[in-house]
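A closer look at the structure
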Amino acid sequence: MTLRCVTFDLDDTLWECGPLLSAAEEAFYDWLGFNYPRISERYSLEELVSHRRGYFRQFPEMEHDFTYLRRHWLRNLAKSFGYGAELAERGFRVFWEHRNAVTLFDEAHVLLDGMRERFAVGAITNGNADVHHIGIGHYFDFVITAAQAGAAKPRPEIFHAALTAAGVEAAHAAHVGDDPVRDVHGANAVGMRTVWVNVNAVPWPGGPPPDAEIRTLDELPPVLEHWSRR
Ligand SMILES: [Mg+2]
């Protein structure tokens, strides 16, 4: 096969996401304490995070759109505490700015630089990271978010949206990601090649295995090279 398209998951594939999201929740909570203290007097940071998670769970049909859910939650929170609706937009922005303050893995820039000369390069994400805001938009030909696609990984619709954007058949495309189900099972089910980014060297949890497994992104070029030759 000829490899024509490579798509990447973002969170925990191009950068570490856990500490980033915690820091964003914390920054939002500090901001809230300063501007809307009745809420932070009622909830600790941990309680507020559980409150948000519980709220999100009430809308499973919107689980592909965290931006919508967070704004919805914030509007509801503002109302319950007698604050104006502007809390929602301002509060979302505070979280979003911090959530997008990512530091790419060292080898990510080296990997992505010049990749578009060889492949159609895409990003496929369930989250609300913004590659243009982050300053890495030039590495990508297209970005497909779960919110745009109306379906989150591992659903086939989001991968099909990416293949359509690339104008490439699944057999000529590979997806790179850290999540065994969302990334590997999802991409495999539509017929794409799969690369599992397994930074923590954990055992494969089961199900159809990835076509390749890497610990760091600098192990990716030889894999793509190999597939391009076959
Ligand atoms: Mg991920």
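Residues numbered from 1 in each chain as written. Predicted model: local features only at pLDDT ≥ 70, side-chain atom pairs only at ≥ 80, totals over all residues. Heavy atoms only, no water.

Moving on, we come to unusual backbone geometry. A cis geometry characterises the amide bond from K153 onward to P154, with omega recorded as 15 degrees. Considering the arrangement of structural elements, one finds P154 in the loop between α8 (146–149) and α9 (156–166). Phi angles above zero are rare outside glycine, and D12 is one such case at about 70 degrees. If you trace the backbone, D12 turns up in the loop between β1 (5–8) and α1 (18–35). Among the residues examined, D12 registers a relative accessible area of 30% and is labelled partly exposed. Phi is positive for A201, close to 50 degrees, though the residue is something other than glycine. (Helix = DSSP H or I, 4+ residues; strand = E, 2+ residues; numbered from the N terminus. Buried < 20%, exposed > 50% of the residue type's maximum accessible area, 1.4 Å probe, protein only.)

The biggest cluster of nonpolar side chains holds 33 residues, and the ones touching the most others in it are F8, W15, M115 and F140. Within the residue set of this core, elements represented by two or more residues are β1, α6 (106–112), β2 (120–125), α7 (131–134), β4 (173–177), β5 (193–197), β6 (212–214) and α11 (220–229). Excluding anything up to four places from it in sequence, F140 contacts F8, L10, L14, L112, R116, V121, G122, A123 and V131. Membership of the second largest hydrophobic core comes to 26 residues, among which are Y36, I39, M62 and L87. (Core = buried A, V, L, I, M, F, W, Y, C linked by side-chain atoms within 4.5 Å. Contact = heavy atoms within 4.5 Å.)

Often, the extent of an interface is quoted as the loss of accessible area on bringing the components together. Split by domain assignment, the protein resolves into domain 1 (5–17 + 103–229) and domain 2 (18–99). The straight-line distance from the C-alpha centre of domain 1 to that of domain 2 is 29 Å. At the junction of the two partners, domain 1 supplies 16 residues and domain 2 supplies 13 residues. Both faces combined, the contact of domain 1 with domain 2 buries some 1,100 Å², and carbon together with sulfur accounts for 52% of it. Taken as a group, C17, N128 and H133 account for 52% of the area that domain 1 buries against domain 2, more than any other trio of residues on that side. With its nearest N and O atoms 2.6 Å apart, the salt bridge here joins R99 to D11. Connecting domain 1 to domain 2 are 8 residue pairs in polar contact (both at pLDDT 80 or more). Of the residues assigned to the side of domain 1 that touches domain 2, the class counts are 7 nonpolar, 5 polar and 4 charged. (Domains from an automatic or database assignment. Buried area = accessible area lost by both parts, 1.4 Å probe. Salt bridge = Lys/Arg side-chain N within 4 Å of Asp/Glu carboxyl O. Polar contact = N/O pair within 3.5 Å; in protein donor to acceptor, adjacent residues only side chain to side chain. Nonpolar A, V, L, I, M, F, W, Y, C, P; charged D, E, K, R; others polar.)

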